[in-house]
Amino acid sequence: MIASLPFPEISPEIFTLNLGGFSFALRWYALAYIVGILIAWRLVVAALRRPTLWPDNTPIMEPARVEDLLTWSILGVVLGGRLGYVFFYASDYYFSHPSEILFVWQGGMSFHGGFLGVVVAAWIYATRNGIARLSLGDVIAMSAPVGLLLGRLANFINAELWGHPSDMPWAVIFPGTDAQYCLGPAGLVGDGLCARHPSQLYEAGLEGLLLGSILIFLVFKRDWLKIPGQTMGLFFAGYGTARFFVEFFRQADAIYITPDNPLGYAVRFGDWGVSKGQLLSLPMIAVGLGFIYWARHHAKKKYV
């Protein structure tokens, strides 16, 4: 019998209100978005209130303007996340059912899409308001891992995006028919239950806690905002690397799993392959390293 952990009995809904025949439920995932945005807002404001962190000791904008930036960022996250899921993961289905593309409440969001949405929204906001684009990207990147941490914890509570079957002692027995369908002996515990990697917690620790701690330390203690672009580059490369690694333990999306492709590789090279998440993370790593190199090279030319 394999050692494993039972899934904690936490309801995805914090509370439900019934008003006039309508039900309103506050879910942990929604709360994660709300709290993540609020903490990110305060981090950005804190950085803007410290002029010595910025190039020439001059913040890129007044702290009061962060509220407008939040509006643009929220639109970018929601629209980009949804459209990213549609185009990256389920294009065949949604092209056949276009009326369901905007049904966000049915689930289906992509981090890579949300990331691109925020990039576009921030670029437009910076251009319209005469704000240095790279520096704005740096401060947004510094605050983003908070939302990743909370979002992945909410994924765990929702018992979604779990990992491959595992015989590790910290493997978790997730509820649900799909989670309990194991291929092969790995992960099978007493009574035929299936234990899996809690890959959501791996992502929360790497993409959220570790990457966020590093970025906040470098910004507030090592003056990384003084070189525009390098903080954003480290976020790109750091997230891409963490996500690429965790994908080795995370169950692939169901649309990629077939009898002859049980691990759900999006691109295959014989018996080996890469998942869709890994495929989308590789450009992030390359772009991130490119930003870091360019930012440091540009800064050296400027100050030599």
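The present account deals with the structure reproduced in this document.

Calculation notes
Residues numbered from 1 in each chain as written. Predicted model: local features only at pLDDT ≥ 70, side-chain atom pairs only at ≥ 80, totals over all residues. Heavy atoms only, no water. Helix = DSSP H or I, 4+ residues; strand = E, 2+ residues; numbered from the N terminus. Contact = heavy atoms within 4.5 Å. Areas by Shrake-Rupley, 256 points an atom, 1.4 Å probe, with all protein chains shown as cover. Lys, Arg positive; Asp, Glu negative; His and termini not counted. Charge placed at Lys NZ, Arg CZ, Asp CG, Glu CD. Phe/Tyr/Trp six-rings, centres within 6.5 Å; stacked < 30°, edge-to-face > 60°. Buried < 20%, exposed > 50% of the residue type's maximum accessible area, 1.4 Å probe, protein only. Salt bridge = Lys/Arg side-chain N within 4 Å of Asp/Glu carboxyl O. Expected span 1.5 Å × (residues − 1). Bend = angle between axes of the 7 residues up to and from the residue. Disulfide = S-S within 2.5 Å. Axes fitted to C-alpha atoms, helices over the stretch in contact; angles between N-to-C directions. Parallel < 35°, antiparallel > 145°, perpendicular 65-115°, else oblique. Nonpolar A, V, L, I, M, F, W, Y, C, P; charged D, E, K, R; others polar. Polar contact = N/O pair within 3.5 Å; in protein donor to acceptor, adjacent residues only side chain to side chain.

For the rest of this paragraph, the subject is the overall build of the protein chain. Looking only at helices and strands, one finds 8 helices and 6 strands in the protein chain. When its helices and strands are written in sequence order, the protein chain yields β-β-β-α-α-α-α-α-β-α-α-β-β-α. When the backbone C-alpha atoms are referred to their principal axes, the protein chain occupies close to 65 × 55 × 40 Å. In the protein chain, of all internal contacts separated by at least 6 residues, the share reaching a separation of at least 24 is 69%. Accessible surface computed for the protein chain: about 16200 Å², of which carbon and sulfur atoms make up 68%. Both charge centroids of the protein chain, one from 21 positive and one from 20 negative side chains, sit 14 Å from each other.

Here we take up the packing of aromatic side chains. Counted by the stated rule, this structure contains 12 aromatic pairs. Here the aromatic rings of F7 and F156 are separated by 5.4 Å at their centres, their planes lie at 45 degrees, and the arrangement is tilted. With F7 in the loop between β1 (5-6) and β2 (13-19) and F156 in helix α5 (residues 133-157), the pair connects residues that are 149 residues apart, well separated along the chain. Judged by relative accessible area, which is 17%, F7 ranks as buried.

With that settled, the discussion passes to the pattern of salt bridges. In the structure shown here, the tally under the stated rule is 7 salt bridges. The closest approach of N and O atoms between E203 and R250, which form a salt bridge, is 3.0 Å. Of the two residues, E203 is situated in helix α6 (residues 199-221) and R250 in the loop between α7 (230-246) and β5 (267-269); the sequence distance between them amounts to 47 residues. Here E203 and R250 have matching classes, each one buried. One salt-bridge network, in which partners are shared between bridges, spans R152, E203, E207, R243, E247 and R250.

Quick look at α6 now. Its 23 residues place the ends of α6 31 Å apart at the C-alpha level, agreeing with the 33 Å of an ideal helix rising 1.5 Å per residue. Of all the bends in α6, the greatest, near 30 degrees, is centred on L211. Looking one or two places after α6, you find D223, whose phi comes out positive at around 55 degrees.

It is worth spelling out the state of the cysteines at this point. Using the criterion set out here, one finds 1 disulfide in the structure. The disulfide partner of C182 is C194, and the S-S distance across this bridge is 1.7 Å. With the S-S bond torsion at 60 degrees, the cross-link from C182 to C194 turns out right-handed. In this pair, C182 is assigned in the loop between β4 (172-173) and α6 and C194 in the loop between β4 and α6, connecting sequence segments 12 residues apart.

A few words on unusual backbone geometry. Even without a glycine there, the phi angle at A159 is positive, about 55 degrees. Assignment of secondary structure puts A159 in the loop between α5 and β4. Classification of A159 by relative accessible area gives buried; the value is 16%. Positive phi, normally seen in glycine, also occurs at L161, with a value near 60 degrees. With respect to the helices and strands, L161 occurs in the loop between α5 and β4.

Where helix α4 (residues 111-129) contacts α7, the axes come no closer than 13 Å and their chain directions differ by 170 degrees. In terms of orientation, α4 and α7 fall into the roughly antiparallel class. Along the contact surface, α4 presents F111, H112 and F115, while α7 presents F235, F236, Y239 and R243. For the contact of α4 with α7, the class distribution of residues is 5 nonpolar, 1 polar and 1 charged.

The subject of this paragraph is the environment of Q278. Position of Q278 among the secondary structure elements: in helix α8 (residues 276-303). Placed 227 residues apart in sequence, Q278 and P51 show a C-alpha to C-alpha distance of 38 Å. Here Q278 is in contact with F244, E247, F248 and G273, once residues within four sequence places are set aside. In this structure the side chain of Q278 is engaged in a polar contact, spanning 3.1 Å, whose partner is the backbone oxygen of F244.

A few words on the side chain of E207. Tracing the chain through its elements places E207 in helix α6. The class of E207 is buried, set by a relative accessible area of 0%. Within polar-contact distance, the side chain of E207 engages the side chain of R152 at 3.5 Å. Aside from chain neighbours lying at most four places away, what touches E207 is P145, L148, R152, G212, Y239, A242 and R243.

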